[in-house]
Amino acid sequence: QVEFRVADDKLPLKQQLEQEARQNDWLVLWLDCDREGEAIAYEVVDVCRKKKASLDLYRAVFSSVDKQSIQQAWRSLQRPDKRKADAVAARSELDLRAGAAFTRFQTFRIDGRYEDVQTKVVSYGPCQFPTLGFIVQRQQEIEAHAHKQFWKIDLATKIDQQHVKWSWRRKRVFDEVVASLLFERVLESPGTIERVQPKPATKVRPVPLCTLELQKRASRWLRLAPDATMEVAEKLYQNALISYPRTETEIFKPGLDLRDLIDRQRGDPRFASFCGDLLDKPANDPRSFCQPRAGKRDDEAHPPIHPTGDGSQLTDPRQKAVFELVTRHFLACCAKDGVGRQTLVDADIGGEKFEARGLIIDQRGWLDIYRWERWSGTQLPLLQEGQLFDITKVELVAGKTQPPPLLTEADLLAKMDAHGIGTDATMA
């Protein structure tokens, strides 16, 4: 039997709730609007109804703590959902029982067998251990990797005064004799353009921001650990600068006024010009507003993470960085895709096939605000099928295969998500 009790340091809060319960007829719950928040809400309900069973329960539903959202939540009170609280309780009990069983098993199994293990209890975590398994597996792959020698042909040409970098279609070969023979054929032959294929290119804007993506992108671009990211995001939320930062949703519902959220950022010099274009340009302008595309996730509780206030006065470096990431991501979602023209060229040199790619960017779209993303390419000269060209530089380059890299925090978060391990809180 699992028993719940109030921690000693929370007893004054419990007494305050009991006192208020005796004096009032309504209990309006303003806890975070997710499963964990609902579970905490029912802990409050259990304390209060023991003193006054007739309390009428209401639930305030909100995703940010700015004035407009709080007023809207007060005007549209709902009933709390016991099913969400029960789901959290069930998961907690499963974690507790599994943890207790495996901790006991591991402790007796390892006791006295390893000199460097001094602890008397070897604790098991249902999220930590599977995640540790990913790290161990990758380390084993690295240690098991056997380097293999390979050879590849590096080729460069100059056509109409423009340098063109070619990629060998074979990529690489693992036999030095074969590589040398193929290299000799290329060395002694002129090049012929076999195919020129122009086609439109698009750099698609991101989907709206969920917690997992915020953690991954902050780790990759801001060098912030997931727990540090969530700590900063919680402070921004409490200061009414961003929406609730724990959400799985990647879809903006029709009821949210996105243009108003964009307009709130006009006072920040970092975003003012881009916001002005989104709101003021006509619909056919490539810099104008575009309804965000929908992702796959929707937790039916909170909208994607987005800015709700003006963060131009922030002074803390980490808060400034996370707010900027959230805001630039949101504005990028409301902009249009990057548009360009790509050219794919195939060439034959001595029977060996080579490829070259060129890119001309016509409209940068969301890339103008999302400074961490890059989209660039080389403009190719005007080429025609059947055209001959001379080789400027060709080399036979030796190399060795490399083991897979160590997992980054972003990699680890992605693996946890793919295998359904943990929640927003335990991932951090």
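Our subject is the structure listed above.
Cut-offs applied
- Residues numbered from 1 in each chain as written.
- Predicted model: local features only at pLDDT ≥ 70, side-chain atom pairs only at ≥ 80, totals over all residues.
- Heavy atoms only, no water.
- Pairing = 2+ DSSP bridges.
- Helix = DSSP H or I, 4+ residues; strand = E, 2+ residues; numbered from the N terminus.
- Contact = heavy atoms within 4.5 Å.
- Axes fitted to C-alpha atoms, helices over the stretch in contact; angles between N-to-C directions.
- Parallel < 35°, antiparallel > 145°, perpendicular 65-115°, else oblique.
- Left-handed = near helix turned anticlockwise from the far one by under 90°.
- Buried < 20%, exposed > 50% of the residue type's maximum accessible area, 1.4 Å probe, protein only.
- Arc of directions from axis to C-beta.
- Salt bridge = Lys/Arg side-chain N within 4 Å of Asp/Glu carboxyl O.
- Phe/Tyr/Trp six-rings, centres within 6.5 Å; stacked < 30°, edge-to-face > 60°.
- Polar contact = N/O pair within 3.5 Å; in protein donor to acceptor, adjacent residues only side chain to side chain.

Student: Account for the sheet that holds strand β8 (residues 388-389), with residues named and values stated.
Tutor: The strand order β8-β5-β6-β7-β4-β3-β9 describes an open sheet built from seven strands, whose pairing is antiparallel. The two strands at the open ends of the sheet, each matched to only one other strand, are β8 and β9 (393-400). The pairing of strand β6 (residues 338-349) with strand β7 (residues 352-363) spans eleven bridges and is classified as antiparallel. Within β7, the position partnered with Asp348 by the bridge is Lys353. This element, helix α6 (residues 176-187), spans β3 (149-159), β4 (162-168), β6, β7 and β9 of the sheet and lies at about 165 degrees to β9.

Student: Account for the packing of helix α7 (residues 211-222) against helix α12 (residues 409-418), with residues named and values stated.
Tutor: Taken N-terminus to C-terminus, the directions of α7 and α12 make an angle of 160 degrees; their axes are 8 Å apart at the nearest point. Taken together, the axes of α7 and α12 lie roughly antiparallel to each other. The two elements α7 and α12 cross, and the hand of that crossing is left-handed. Across from Leu212, Gln215, Lys216, Ser219 and Arg220 in α7, the residues of α12 making contact are Glu409, Ala410, Leu413, Ala414 and Asp417.

Student: I'd love a proper account of α12, names of residues and values included.
Tutor: Those residues of α12 lying buried are Ala410, Leu412, Leu413 and Met416. Projection of α12 onto a plane perpendicular to its axis shows the buried side chains occupying an angular sector of 160 degrees, all on one side. In the segment just after α12, Gly420 is the residue with positive phi, at about 65 degrees.

Student: Go over the pattern of salt bridges with me, naming the residues and quoting the values.
Tutor: According to the stated counting rule, one finds 34 salt bridges in the structure shown. Close ionic contact of Arg328 with Glu324 constitutes a salt bridge, the shortest N to O distance being 2.7 Å. Of this pair, Arg328 and Glu324 both sit in helix α11 (residues 317-333), four residues apart, which is roughly one turn of the helix. Given the relative accessible area of 9%, Arg328 is considered buried. Taking the relative accessible area as the measure of exposure, Glu324 reaches 10% and is therefore buried. With a closest N to O distance of 2.9 Å, Asp362 and Arg341 form a salt bridge. Placement of the pair is Asp362 in strand β7 and Arg341 in strand β6, with a sequence separation of 21 residues. On the basis of relative accessible area, Asp362 is assigned to the partly exposed category, the value being 41%. Residue classification places Arg341 among the partly exposed positions, given a relative accessible area of 47%. Several salt bridges converge on common partners, so that one network encompasses Asp268, Arg270, Glu324, Arg328 and Arg371.

Student: Tell me about the packing of aromatic side chains, residues and numbers included.
Tutor: In the structure shown here, the tally under the stated rule is 13 aromatic pairs. Centre to centre, the rings of Trp221 and Tyr370 are 5.7 Å apart; their planes meet at 80 degrees, and the pair counts as edge-to-face. In this pair, Trp221 sits in helix α7 while Tyr370 sits in the loop between β7 and β8, placing the two residues 149 residues apart along the sequence. Consider the rings of Tyr237 and Tyr244, whose centres lie 5.3 Å apart with planes at 70 degrees: the pair is edge-to-face. Judged by its relative accessible area of 2%, Tyr244 falls in the buried class.

Student: Tell me about the side chain of Ser219, and name the residues and values.
Tutor: Its location among the elements puts Ser219 in helix α7. The class for Ser219 is buried, based on a relative accessible area of 11%. Separated by 3.3 Å, the side chains of Ser219 and Glu409 make a polar contact. Not counting chain neighbours up to four residues away, the residues in contact with Ser219 comprise Leu224, Glu409 and Ala410.

Student: I'd love a proper account of the pairing of strand β5 (residues 191-203), names of residues and values included.
Tutor: One ladder, built from twelve bridges, connects β5 with β6; its direction is antiparallel. Counted as the bridge partner of Thr202 is Val339 from β6. Of the pairings in the sheet, the one linking β5 to β8 comprises two bridges and is antiparallel in character. Bridging across to β8, Thr192 finds its partner in Leu388.

Student: Account for unusual backbone geometry, with residues named and values stated.
Tutor: One non-glycine residue, Gln161, lies in positive phi territory at about 65 degrees. Tracing the chain through its elements places Gln161 in the loop between β3 and β4. Here Gln161 falls in the exposed class, since its relative accessible area comes to 67%. With phi around 70 degrees, Lys171 is a residue other than glycine that occupies positive phi space. Mapped onto the fold, Lys171 is located in the loop between β4 and α6. A relative accessible area of 54% places Lys171 in the exposed class.

Student: Go over the pairing of β4 with me, naming the residues and quoting the values.
Tutor: The two faces of the sheet receive side chains in turn, since in a regular strand these alternate between them. Looking at chain direction, β3 and β4 are connected through five bridges and run antiparallel. Bridging from a neighbouring strand, Lys158 pairs with His163 of β4. Between β3 and β4, which follow one another and run antiparallel, lie two residues, and Asp160 among them has a positive phi close to 50 degrees. Where β4 and β7 come together, two bridges link them in antiparallel fashion. Bridging across to β7, Trp168 finds its partner in Phe354.

These results come straight from atomic positions and should not be treated as a statement about function.
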